[in-house]
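# Survey of secondary and tertiary structure
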Amino acid sequence: MSGLKKLLLPALLLLGIFLTPVVLSPLLLPVRGQEEIVLTILTQEWMQDVFNDDLFDEFEAAHPGVKVVRVFEPQQNEYFSPFTELDNTLNAAAERAALADVLTVSQWNFTPLETRAGLYLDLRPLAEGDPDLNIEDFLPAALDSFRWDGGLWALPVSASAELFIYNAQAFDEAGLPYPNDNWTLTDFATAARALATVGDDGEVEIPGAIAYNLGLMYRVFSGQRLYDDSTVPFTPRLDTPELTAFMTEWQALMEEEVINTPGEFDYGAVPLRLDRTWALSNPDQQDVWRAAPLPGGTTAVYAEGFAVSGGTAYPELAYELAKFVTSNGEIALRFFGDSTARRSLQDYEAENFNRTQIPAEDQAIVDAALENGLPYSEILFGDWIYAGVYPGEGEPTTDPNQPQTIDWATALPESQQMVLDALAAAQARRETTVVQVMTPVPTPVLNAGEVVLNFGLNVWISPLPNREEWEALVAEFVAADPQVGNINLNSNFGSTQDLQSADCYYLNGNYVPSADLTTLLPLDPFLDADPNFDPNDFFGTTLEQVQRDGRTYAYPVTIQPEVIWYNPEAFAQAGLPEPGNWTIDQFVTALNMLQATQEDPDDAVFRTQTFGAGHLNLLIAAFGGNPYDYSTNPPTYRFDDPVNLDAIRQVLDLARSGVIEYNELDSDGGFMGGGGEEPPLISESLNGASWRFTNRNDSNNPNPYRLATFPRGTQNTPVAYNSGGLYINASTPIPDACYRWISVVAQRPDLLLGMPARRSLLTDPVFAAAMGEDAVALFQQIGTMIDAPDAVIVPLYDFGGSTSPGTWLEQTWINRAFDNYVLEDMPLETALADAEIMIEEYRACSTTIEVRPMSELMQLSPEESQDYFEQFTDCAVAVDPTLASRFNTGQ
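Attention here is on the structure that accompanies the text. All values derive from a computational prediction rather than experimental measurement. (Residues numbered from 1 in each chain as written. Predicted model: local features only at pLDDT ≥ 70, side-chain atom pairs only at ≥ 80, totals over all residues. Heavy atoms only, no water.)

What the protein chain contains, in helices and strands, is 28 helices and 31 strands. Relative to all contacts within the protein chain whose residues are 6 or more apart in sequence, the contacts with residues 24 or more apart total 78%. Surface accessibility of the protein chain: about 38,400 Å² in total, with carbon and sulfur atoms responsible for 50%. (Helix = DSSP H or I, 4+ residues; strand = E, 2+ residues; numbered from the N terminus. Contact = heavy atoms within 4.5 Å. Areas by Shrake-Rupley, 256 points an atom, 1.4 Å probe, with all protein chains shown as cover.)

Residues Asp-347, Glu-349, Glu-863, Glu-864, Asp-867, Glu-870 and Asp-874 make up a contiguous surface patch of negative charge. By secondary structure assignment, the location of Glu-870 is in helix α28 (residues 862-879). (Patch = residues over 30% accessible without salt bridge, like charges linked within 9 Å, V, L, I, M, F, W, Y side chains within 5 Å. Salt bridge = Lys/Arg side-chain N within 4 Å of Asp/Glu carboxyl O. Lys, Arg positive; Asp, Glu negative; His and termini not counted. Charge placed at Lys NZ, Arg CZ, Asp CG, Glu CD.)

Next up on the list: the environment of Ser-145. Mapping Ser-145 onto the fold places it in the loop between α6 (140-144) and β4 (147-148). Here the alpha-carbon distance between Ser-145 and Tyr-302, two residues 157 residues apart in the chain, equals 6.9 Å. When sequence neighbours within four positions are dropped, the list of residues in contact with Ser-145 reads Gln-107, Val-301, Ala-303, Pro-375, Tyr-376 and Ser-377. Among the polar contacts listed, one links the side chain of Ser-145 to the backbone nitrogen of Tyr-376, at a separation of 3.1 Å. (Polar contact = N/O pair within 3.5 Å; in protein donor to acceptor, adjacent residues only side chain to side chain.)

Attention now goes to the packing of helix α25 (residues 810-824) against helix α26 (residues 828-846). Between α25 and α26, the least distance of the axes is 9 Å, while the angle of their chain directions is 165°. Between α25 and α26, the angle is such that the two are roughly antiparallel. Seen along the crossing, α25 lies across α26 with a hand that is right-handed. On α26, the residues touching Glu-810, Trp-813, Ile-814, Ala-817, Phe-818, Asn-820 and Tyr-821 of α25 are Leu-828, Ala-831, Leu-832, Ala-835, Met-838, Ile-839, Tyr-842 and Arg-843. Taken together, the residues of the contact of α25 with α26 sort by class into twelve nonpolar, one polar and two charged. (Axes fitted to C-alpha atoms, helices over the stretch in contact; angles between N-to-C directions. Parallel < 35°, antiparallel > 145°, perpendicular 65-115°, else oblique. Left-handed = near helix turned anticlockwise from the far one by under 90°. Nonpolar A, V, L, I, M, F, W, Y, C, P; charged D, E, K, R; others polar.)

Let us look at the pattern of salt bridges. Using the criterion set out here, one finds 28 salt bridges in the structure. Between Asp-880 and Arg-816 there is a salt bridge, with the nearest N and O atoms lying 2.6 Å from each other. Highlighted residues: Asp-880 in the segment after α28 and Arg-816 in helix α25, separated in sequence by 64 residues. Through salt bridges with shared partners, a single ionic network connects Arg-219, Arg-225, Asp-229 and Glu-378.

What follows covers the state of the cysteines. Under the criterion given, the structure shown has one disulfide. In this model, Cys-845 is linked to Cys-875 through a disulfide, with the two sulfur atoms separated by 2.0 Å. Measuring handedness by torsion sign, the sulfur bridge of Cys-845 and Cys-875 sits at about -75° and is left-handed. With Cys-845 in helix α26 and Cys-875 in helix α28, the pair connects residues that are 30 residues apart, well separated along the chain. (Disulfide = S-S within 2.5 Å.)

Burial within strand β18 (residues 484-491) is extensive, with six of its eight residues counted as buried. Pairing of strand β17 (residues 451-458) with β18, which is carried by seven bridges, proceeds in the parallel orientation. Its bridge partner lying in β18, Val-452 is registered against Asn-486. (Buried < 20%, exposed > 50% of the residue type's maximum accessible area, 1.4 Å probe, protein only. Pairing = 2+ DSSP bridges.)

Attention now moves to helix α3 (residues 86-97). For α3, spanning twelve residues, the distance from its first C-alpha to its last is 17 Å, which sits close to the expected 16 Å at 1.5 Å a residue. For α3, the complete set of buried residues consists of Leu-86, Thr-89, Leu-90, Ala-93, Ala-94, Arg-96 and Ala-97. Axial view of α3: buried residues confined to an arc of 160°, hence all on one face. Against the buried residues of α3 lie β1 (37-43), β3 (102-106), α4 (112-116) and α14 (408-432). (Expected span 1.5 Å × (residues − 1). Arc of directions from axis to C-beta.)

On to the pairing of strand β12 (residues 272-275). It is a general feature of regular strands that their side chains alternate between the two faces of the sheet. Side chains of β12 alternate between two faces, with Leu-272 and Leu-274 and Arg-273 and Asp-275 buried alike. Pairing between strand β9 (residues 209-210) and β12: two bridges, direction parallel. By the bridge assignment, Ile-210 is partnered in β12 with Arg-273.

Right, here's the structure in full:
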């Protein structure tokens, strides 16, 4: 809904109607006289595999006449600051509360503003009167995170701890004691100063500490809340001498830049962080990072949960549904918290989700934190501390993330008044605005002989940014097809195993080489009978790549090429023409000229945002090298060939010189380009998950970058791309209907936000209008490169479609060879020869292991899968003991 329609409460009260505040639209009025009660629940698209049709069977059986319908969270690209755009903030919150009866909420989108506006139901009376609710089953801090103003506003499903994460080695080297229960703000400041990385020019390059949650820092260092809970509703208390003193000292550290340093830096290198437990679960760093409680021996607990819309027509049933979903282990674990909010689920093992593992000593701290930590409600209004720095509507006069002198004796009274005014505005909405939950789109009633087709969309982006366009295509198809009465669109991040419940589906990659072919229906009979199918219309070998044993198992739809984004402003500043069909020599010239114009000559000008060394391999091919032959299984390596050796050296020398950003490849966390200021050239895989591509024309997110191809070589034209295709499940009872549908989808690659796999669609007016002239021009150029006689197709993710589940380990030693040359100055010949020796020994060990298809491996339990893959890692460690710690073998 785009707007709010206000109704006068007094007139309605004359009718004896008690109204909770709602957003109302004439199109969304409840349908009267329905025999079936429909309850809606708001979920994320990528959770569809959990929030499936079977999930609510038990609930519906216990509540006859009730039907639960999923509603997907819409894509939200715009954020409104309550400091400067209060009306927009409340409008957006009201629109969200009208989406469903039960909604997921967290501390990021759920505050007293929303509850005082009456957008959500107070669950306290229902919970206290519920004899079946075991309140002791909830972690106290998780439940209390949703308690304020005398109410209980949600039931928690997941809980996470926020505490100090620190680099023990950095503390030891600085001679500092580790963070402890008795730390004061002075101790924190001393550590931040001692741990900061200072350059030769005296400027701080990496802060000693990061702690962005000011409300929490004030709470633990002062022992005081930012509100008075003796009143109901709570009264904010930001204008106090204690907070003024704290913020003055905090801002002094900001001005020194030893905490929360402005600008770009490696966040992962900051030795002391107020953070979640992410770093503790990284196997590469578990000997470095440790957890510590906050001052006072406490921590903060953040919860996610389910709330009930203030506009529901069925408050008791909606409460029962919220209670039901919080008791489901599959749902609770999918929120990626440190623990389920219910104690009874803490030992639950999900079917398709593995918990992250952290060291036992840190796990004990996290467990204690979850049991005894500070709930979110203890730091209410902390995000308003800086509100006084924004004195009114419009652009802020200062940036709180920049070091500056702020008169907190003046700013905090302004903050106090702003939060009071905001809460008063929210309370006024309760009296004048009505919210009504949207009536769900009814499930179509099927006519005799009609079927429902389940279609899976594995696109790795959620929420689906163009769901409305997809639903329009569904409606058009259903209206014209005599058999299909409805199509269920399921878009999530599930595996191919999850897609086995679909009749047909789209995959963002080529599944055919490793698939269990018994699960896929050969498409050849349909393709042969389809007058619109032309096998010669596909680019390059795209069609051949989805064929095995003389049969076609997928309908190629999209190509996701590796491309380069370039900044035209940087090219103009360097006196360079914008790249077109450029050569490798022109590319190298551009790198050097761009670096000459960099403010810091040590800054790289080219970075990748794609995992692996695909960008390096493309450049190696452009220099004339072809060191990997993936046409054999296992691959053949030709590192001793002089041409290949020279091509590899030229590319890696660019990395050694600093013009190409190089991150350690032989690392679990170093495969992709990192943060920092964006350089003039960035490579990425162009697919529907590309934020830069899907938002390149968004006026709210201005993007100066433009698209270009990788450079061509003097002897060949290197291209790297992945392909997405449509599949029909071999077990579907409606294969004919599936093919009719996928043949329609195959005409709309624009819906999949990719380059079409067929030449003819590049000139299709619908596709051109949807994608834009810049994308079409780039796709035409890439198509020409793919079709070129001298085209060299470089595997995008290194492994070339090998069917062996152990081949990925071989890249470990190739990556290490590159690292040794670039980072350790080892002779390239020596580094590559060492890699070949390791690979040969590994292959000799692993040849005795049974090769099982990926589809079969996906059916294994976590324990069976671990046992199977450990055979390969055991071989790797046997030939290279340095890998023992990586694979936790204990050797």
